[in-house]
2 protein chains.
Amino acid sequence: MAAPPNSTTFSGDVWAELRLADARDVPHIHRLTHQMAEFELLTDLFAATEELLTTTLFPSPTPPPFTSFTALILDLSPSPIVPDASSTIASRRLDLSASPLADPEAAAFASPRGGGRVTAGFVICFPNYSTFLSKPGLYVEDIFVRAPWRRRGLGRMMLSAVAGRAAELGMGRVEWCVLDWNKNAIDFYEGMGADVLPQWRICRLAGAALDKYKGSQEEAAGGKAAE
Amino acid sequence: MAAPPNSTTFSGDVWAELRLADARDVPHIHRLTHQMAEFELLTDLFAATEELLTTTLFPSPTPPPFTSFTALILDLSPSPIVPDASSTIASRRLDLSASPLADPEAAAFASPRGGGRVTAGFVICFPNYSTFLSKPGLYVEDIFVRAPWRRRGLGRMMLSAVAGRAAELGMGRVEWCVLDWNKNAIDFYEGMGADVLPQWRICRLAGAALDKYKGSQEEAAGGKAAE
């Protein structure tokens, strides 16, 4: 199959780096999030903006990684990556000599780090807490790889790196959610050692249903107690 | 039915306060968590200790409430509560004149705040993040009321207060989990305006399955990239 026009073809050795994101990555995070919403058939819930992503993910000062909301970027580079202790989470070589890869969006996803790098995915995670364990864990809110880069072991690299970091930080568990119809993802996660919990359901209070609770505790606090 | 021996009977007006917890509440949080594990048939997962609860929930300095792991305590008082702006989240009067309440564990759960107060429940919550909304939310890890105090509107008061706080902080949503067999809880949550999401399943990597990822990103970072 010929590569689509304007696509960039990667072949031979390519280097992948999972690194901490910074505010320069926001435009790509925004577009990757929209692609993820399309994949999950959830575009009706998509309300992300670059401005909100910037202020919520990269406040000033930004807390240390994995102590609050943490964004990681997956970059692919045509040349070897020199790990940067302050931002590299994981890196590896990808051998594409047997199957070159055409990325039609390579130009649009040029990494702000330059050097011909292309941004191909992202992770958003943050600490959660288990009272039963009395320990923090990591919750992976998003893990996403753009379509042409899938099935190359990059999702596994990303999740392994996050799990490795959680284990080294002494955290008790890593959790995330999967749609019950996404059998590929479920098989992949189970293959990585995860349990898919059958009994728990997520409850969500949002939008107008949430807003109606504004002021509810003040009424309660100010009213009845003083009677 | 006669009250069990050693139980304390509450009647007439009683005042409920949901307040920020501090380290003095840890022994009660520990025992409430164990009661919760019994209720959820999950005592095999219970590994909480008072020491771990103290260091993880009340580090020094403790971050502002709702910016990190946050513990709230439900106290019941035989006398009116004067709200304390620095710790009261919500309070209300309970009229028990029609149905006095016997609490067999009242002495064991005497509140560290004194004044004849009894600790009857707790909440653990922490910020989560929605990339689709690009906003933080609150995740309620635990919400628990001891058996004799249930069906008095206290669970509603606690969840309403947390939802109210989240809404006032500009958060996008409040989420928590429920066991799919707990129909009472599901009905209650739906009655409060929550959606129970049918499609999402929680994936969990913990224990030995998590530990095996220790060092995985160092190998990846140090190895292949330099070849």
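Residues numbered from 1 in each chain as written. Chains lettered and ligands numbered in written order. Predicted model: local features only at pLDDT ≥ 70, side-chain atom pairs only at ≥ 80, totals over all residues. Heavy atoms only, no water.

**Examining the interface of chain B and chain A**
Turning to step 1, where the next piece is worked out: Contact with chain B, which involves 89 residues of that partner, is made by 89 residues of chain A.
Turning to step 2, where the next piece is worked out: Carbon and sulfur atoms make up 60% of the surface buried where chain B meets chain A, a total of about 8,000 Å² over both sides.
Turning to step 3, where the next piece is worked out: Here chain B is connected to chain A by six salt bridges.
Turning to step 4, where the next piece is worked out: Between Arg204 of chain A and Glu175 of chain B there is a salt bridge, and its shortest N-O distance comes to 2.6 Å.
Turning to step 5, where the next piece is worked out: One can count 30 residue pairs in polar contact (both at pLDDT 80 or more) joining chain B with chain A.
Turning to step 6, where the next piece is worked out: Class assignment of the residues belonging to the side of chain B that touches chain A gives a composition of 52 nonpolar, 17 polar and 20 charged. (Contact = heavy atoms within 4.5 Å. Buried area = accessible area lost by both parts, 1.4 Å probe. Salt bridge = Lys/Arg side-chain N within 4 Å of Asp/Glu carboxyl O. Polar contact = N/O pair within 3.5 Å; in protein donor to acceptor, adjacent residues only side chain to side chain. Nonpolar A, V, L, I, M, F, W, Y, C, P; charged D, E, K, R; others polar.)

**Overview of the relation of the copies chain B and chain A**
Turning to step 1, where the next piece is worked out: For the match of chain B to chain A, the screw axis carries a shift of 0.0 Å, the RMSD comes to 0.0 Å, and the turn is 180°. The relationship between the two copies is best expressed as a two-fold rotation axis. Nearest to the rotation axis, the C-alpha of Arg201 of chain B is located 3.4 Å from it, this being the minimum over chain B.
Turning to step 2, where the next piece is worked out: In this assembly the copies share their binding face: 100% of the residues contributing to the interface of chain B also contribute to that of chain A. (Least-squares fit on C-alpha atoms with pLDDT ≥ 70 in both.)

**Observations concerning the pattern of salt bridges**
Where charged atoms of side chains with opposite charge meet at close range, the side chains can pair.
Turning to step 1, where the next piece is worked out: With the rule as written, the count across this model stands at 28 salt bridges over all chains.
Turning to step 2, where the next piece is worked out: Here Asp25 of chain A and Arg19 of chain A are joined by a salt bridge, their closest N and O atoms 2.8 Å apart. Each member of the pair Asp25 of chain A and Arg19 of chain A is classed as buried.
Turning to step 3, where the next piece is worked out: Residues Glu141 of chain B and Arg173 of chain A are paired through a salt bridge, measuring 3.6 Å at the closest nitrogen-oxygen approach. Residue Glu141 of chain B is located in strand S7 (residues 135–145), and its partner Arg173 of chain A is located in strand S8 (residues 173–179); the two belong to separate chains.
Turning to step 4, where the next piece is worked out: Residue Glu141 of chain B is classed as partly exposed on the basis of its relative accessible area, which comes to 22%.
Turning to step 5, where the next piece is worked out: Ionic contacts of the salt-bridge type, sharing partners, join the residues Glu17, Arg19, Asp25, Asp75 and Arg117 of chain A into one network. (Buried < 20%, exposed > 50% of the residue type's maximum accessible area, 1.4 Å probe, protein only. Helix = DSSP H or I, 4+ residues; strand = E, 2+ residues; numbered from the N terminus.)

**What about the state of the cysteines?**
Here, the word disulfide means a covalent bond between the sulfur atoms of two cysteines.
Turning to step 1, where the next piece is worked out: For the structure on display, the rule yields zero disulfides over all chains.
Turning to step 2, where the next piece is worked out: Take Cys177 of chain A: it sits in no disulfide, and the sulfur closest to it among the cysteines is that of Cys177 of chain B, at 6.8 Å.
Turning to step 3, where the next piece is worked out: A relative accessible area of 18% places Cys177 of chain A in the buried class. (Disulfide = S-S within 2.5 Å.)

**Side note on helix H4 (residues 183–191) of chain A**
Turning to step 1, where the next piece is worked out: Taken together, the buried positions of H4 of chain A are Ala185, Ile186 and Tyr189 of chain A. Down the axis of H4 of chain A, the smallest arc covering the buried residues is 100°, so these residues share one side. Counted as exposed and oriented over 90 degrees from the buried face of H4 of chain A: Lys183, Asn184 and Gly191 of chain A.
Turning to step 2, where the next piece is worked out: For H4 of chain A, the secondary structure elements touched by its buried residues are strand S7 (135–145), helix H3 (154–168), S8 and strand S9 (195–197) of chain A together with strand S10 (200–206) of chain B.
Turning to step 3, where the next piece is worked out: Following H4 of chain A by one or two positions, Gly193 of chain A adopts a phi angle in the positive range, close to 105°. (Arc of directions from axis to C-beta.)

**Observations concerning the pairing of strand S3 (residues 70–77) of chain A**
Residues and elements named next belong to chain A.
Turning to step 1, where the next piece is worked out: In terms of residue burial, S3 counts as a mostly covered element, since eight of its eight residues are buried.
Turning to step 2, where the next piece is worked out: Taking every second residue as pointing to the same face, both faces of S3 are buried, with Thr70, Leu72, Leu74 and Leu76 on one and Ala71, Ile73, Asp75 and Ser77 on the other.
Turning to step 3, where the next piece is worked out: Two strands pair when backbone bridges link them, and strand S2 (residues 13–20) and S3 are joined in this way by six bridges, in the antiparallel orientation. Bridging from a neighbouring strand, Leu20 pairs with Leu72 of S3.
Turning to step 4, where the next piece is worked out: Summarising the sheet, S3 and strand S6 (residues 118–130) pair through seven bridges and their orientation is antiparallel. Of the residues in S6, the one forming a bridge with Ala71 is Ile124. (Pairing = 2+ DSSP bridges.)

**Comments concerning the environment of Gly193 of chain A**
Turning to step 1, where the next piece is worked out: Tracing the sequence through the fold places Gly193 of chain A in the loop between H4 and S9.
Turning to step 2, where the next piece is worked out: Note on Gly193 of chain A: relative accessible area 26%, which makes it partly exposed.
Turning to step 3, where the next piece is worked out: Once residues within four sequence positions are removed from consideration, Gly193 of chain A is found in contact with Arg204, Leu205 and Ala209 of chain B.

**Quick word on the packing of helix H1 (residues 26–39) of chain A against helix H2 (residues 50–57) of chain A**
Residues and elements named next belong to chain A.
Turning to step 1, where the next piece is worked out: Running from N to C, H1 and H2 cross one another at 115°; their axes reach a closest spacing of 9 Å. Here H2 runs roughly perpendicular to H1, going by the angle between their axes. Taken as a pair, H1 and H2 cross one another with a handedness that is right-handed. Counted together, Val26, Pro27, Ile29 and His30 of H1 and Glu50, Leu53 and Thr54 of H2 form the full contact between these two elements.
Turning to step 2, where the next piece is worked out: When its residues are assigned to classes, the contact of H1 with H2 shows four nonpolar, two polar and one charged. (Axes fitted to C-alpha atoms, helices over the stretch in contact; angles between N-to-C directions. Parallel < 35°, antiparallel > 145°, perpendicular 65-115°, else oblique. Left-handed = near helix turned anticlockwise from the far one by under 90°.)

**Here's the deal with the UniProt feature "domain: N-acetyltransferase" (unreviewed entry) in chain A**
Turning to step 1, where the next piece is worked out: Residues annotated by UniProt as "domain: N-acetyltransferase" (unreviewed entry) correspond here to residues 56–216 of chain A.
Turning to step 2, where the next piece is worked out: A helix fraction of 20% and a strand fraction of 37% characterise residues 56–216 of chain A, whose end C-alpha atoms lie 26 Å from each other. (UniProt positions renumbered as here; feature names shortened; annotations may be inferred.)

**A few points about the pairing of S6 of chain A**
Turning to step 1, where the next piece is worked out: Most of S6 of chain A is tucked away: 13 of the 13 residues are buried.
Turning to step 2, where the next piece is worked out: Connecting S6 of chain A to the antiparallel partner S7 of chain A that follows it, the hairpin turn spans four residues, and Ser134 of chain A within it adopts a positive phi of roughly 55°.

**Section: the packing of aromatic side chains**
Turning to step 1, where the next piece is worked out: Applying the stated criterion across every chain yields a total of 16 aromatic pairs over all chains.
Turning to step 2, where the next piece is worked out: Ring-pair connections join several aromatic residues into one group, and the members of that group are Phe69, Phe126 and Tyr139 of chain A together with Tyr129 of chain B.
Turning to step 3, where the next piece is worked out: One cation-aromatic arrangement involves Arg31 of chain A over Phe109 of chain A; the distance from NZ or CZ to the ring centre is 4.3 Å.
Turning to step 4, where the next piece is worked out: The aromatic ring of Phe39 of chain A is capped on one face by Arg150 of chain A, whose charged end is 5.1 Å from the ring centroid. (Phe/Tyr/Trp six-rings, centres within 6.5 Å; stacked < 30°, edge-to-face > 60°. Lys NZ or Arg CZ within 6 Å of the ring centre and 35° of its normal.)

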